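Observations on the three-dimensional arrangement
If you want the building blocks of each chain, they are given just below.
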Amino acid sequence: MILVINSIIELRRIKLVNLKEELMMKAMFNKNQKIGEIAAIFPKATDIFMDYEIDFCCGGDRPLEVAIVEQGISEDEMLYKLNKAYEEFKESVKYLFNS
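Notes on the structure follow. Keep in mind it's a predicted model, so treat the numbers as computed, not measured.

Comments concerning the nonpolar core
Among the nonpolar cores identified, the biggest contains 19 residues, and Ile38, Phe49, Ile54, Leu64, Met78 and Leu82 are the most heavily contacted of them. Looking at this core, the elements with two or more residues in it are α2 (35–41), α3 (45–51), α4 (64–71) and α5 (75–98). Top element by residues in this core is α5. It accounts for 5 residues.

As structure tokens, this is what we get:
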């Protein structure tokens, strides 16, 4: 029984390590990515999209660039906010896994 429990714990540890590596390897966001893809990779992006009234649900199949043009948003500002928030998220994940 203890062997089974130790095996389960080890599998969960491996999954967490793999998740950490996957999160750290994700590329930063760019204007050509689809809005829904960004929201799926980084759910906190939806807060930023809501601030700019960008539809990430039904309009999630559009490239971010289209929404930026439609809303008259600064491309640099939008990408900066998304990437900065994602960088902060990655740092918090690093902290969790290194604690």
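Having seen the model, we can carry on.
Re α5
If you check α5, its first and last C-alpha atoms are 34 Å apart, about what 24 residues at 1.5 Å a residue would give, namely 34 Å. Among the residues of α5, Met78, Leu79, Leu82, Asn83, Ala85, Tyr86, Lys90 and Val93 are the ones counted as buried.

Topic: the packing of aromatic side chains
Counting across every chain of the model gives 6 aromatic pairs. Taking 6.1 Å as the distance between ring centres and 20 degrees as the angle between the ring planes, the aromatic pair formed by phenylalanine 29 and phenylalanine 42 counts as stacked. With phenylalanine 29 in the loop between α1 (2–25) and α2 and phenylalanine 42 in the loop between α2 and α3, the pair connects residues that are 13 residues apart, well separated along the chain. Take phenylalanine 42: its relative accessible area is 3%, and that puts it in the buried class. Within the aromatic cluster, the residues linked to one another by ring pairs are Phe29, Phe42, Tyr86 and Phe89.

About the thresholds
- Residues numbered from 1 in each chain as written.
- Predicted model: local features only at pLDDT ≥ 70, side-chain atom pairs only at ≥ 80, totals over all residues.
- Heavy atoms only, no water.
- Core = buried A, V, L, I, M, F, W, Y, C linked by side-chain atoms within 4.5 Å.
- Buried < 20%, exposed > 50% of the residue type's maximum accessible area, 1.4 Å probe, protein only.
- Helix = DSSP H or I, 4+ residues; strand = E, 2+ residues; numbered from the N terminus.
- Expected span 1.5 Å × (residues − 1).
- Phe/Tyr/Trp six-rings, centres within 6.5 Å; stacked < 30°, edge-to-face > 60°.

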